[in-house]
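Listed below are the residues making up each chain.
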Amino acid sequence: MTEEQAPATDPSQLGERERAVLAVERRSWPGPGAKERAVREGLGLSPTRYYQLLNALLDDPRALAHDPVTVNRLRRVREEKRRRR
């Protein structure tokens, strides 16, 4: 298993990387460049992979339990974008 696939010690809890992704989303960013740089340097992820992980987290009940304000906000944003399509 890769580090990304390794389960958390407690399956009901989010892993370190998942918590870090949500922490990035809790912050406010001056522009998209700063956020992408933080994702690459801080998490070691490409922006594409970061957003794939984030999107999966939005459907994970563990993420909702860990940070309901952030997850619900991002779910609303995602739903609004889907409606506009």
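Note that this is a predicted model, so its numbers are computed, not measured. (Residues numbered from 1 in each chain as written. Predicted model: local features only at pLDDT ≥ 70, side-chain atom pairs only at ≥ 80, totals over all residues. Heavy atoms only, no water.)

Visitor: Summarise the overall build of the chain; cite the residues concerned and give the values.
Guide: The helix and strand tally for the chain stands at five helices and zero strands. Across the 85 residues of the chain, 28% fall into the buried class. Within the chain, residue pairs in contact and separated by at least 24 positions form 49% of the contacts whose partners lie at least 6 positions apart. As presented, the chain carries roughly 6,000 Å² of accessible surface, and 51% of it is formed by carbon and sulfur atoms. (Helix = DSSP H or I, 4+ residues; strand = E, 2+ residues; numbered from the N terminus. Buried < 20%, exposed > 50% of the residue type's maximum accessible area, 1.4 Å probe, protein only. Contact = heavy atoms within 4.5 Å. Areas by Shrake-Rupley, 256 points an atom, 1.4 Å probe, with all protein chains shown as cover.)

Visitor: Describe the side chain of Glu25, with residues and values.
Guide: Mapped onto the secondary structure, Glu25 falls in helix α1 (residues 16-26). When neighbours within four sequence positions are excluded, Glu25 is seen to be in contact with Lys35, Tyr50, Tyr51, Leu54, Thr70, Arg73 and Leu74.

Visitor: Residues and numbers for the pattern of salt bridges, please.
Guide: For side chains bearing opposite charge, pairing can occur when the charged atoms are close. Scanning the entire structure with this criterion turns up seven salt bridges. The closest approach of N and O atoms between Arg83 and Glu80, which form a salt bridge, is 3.6 Å. One end of the pair is Arg83 and the other is Glu80, both in helix α5 (residues 68-84) and three residues apart, which spans about a single turn. A single salt-bridge network, built from bridges that share partners, covers Glu18, Asp60 and Arg62. (Salt bridge = Lys/Arg side-chain N within 4 Å of Asp/Glu carboxyl O.)

Visitor: Any chance you could break down helix α3 (residues 47-58) for me, citing the residues and the numbers?
Guide: With twelve residues, α3 extends 16 Å from end C-alpha to end C-alpha; this agrees with the ideal 16 Å at 1.5 Å per step. All buried positions along α3 are accounted for by Pro47, Tyr50, Leu53, Leu54, Leu57 and Leu58. Burial along α3 is one-sided: seen end-on, the buried residues are contained in an arc of 140°. Packed against the buried residues of α3 are α1, α2 (32-43), α4 (61-66) and α5. (Expected span 1.5 Å × (residues − 1). Arc of directions from axis to C-beta.)

Visitor: Now, about the packing of α3 against α5: what can you tell me, with residues and values included?
Guide: As a packed pair, α3 and α5 sit with axes 10 Å apart at the nearest point and diverge in direction by 105°. On the basis of their axis angle, the class for α3 and α5 is roughly perpendicular. Residues Leu54, Asn55 and Leu58 of α3 form the contact with α5, whose participating residues are Val71, Leu74, Arg75 and Arg78. Here the residues of the contact of α3 with α5 sort into four nonpolar, one polar and two charged. (Axes fitted to C-alpha atoms, helices over the stretch in contact; angles between N-to-C directions. Parallel < 35°, antiparallel > 145°, perpendicular 65-115°, else oblique. Nonpolar A, V, L, I, M, F, W, Y, C, P; charged D, E, K, R; others polar.)

Visitor: Provide a residue-level description of the environment of Gly15, including the pertinent values.
Guide: Checked against the element boundaries, Gly15 lands in the segment before α1. For Gly15, a relative accessible area of 15% gives the class buried. Through-space distance from the C-alpha of Gly15 to that of Arg62 is 9.9 Å; in sequence the pair is 47 residues apart.

Remember, this is a structural readout, not a statement about activity or role.
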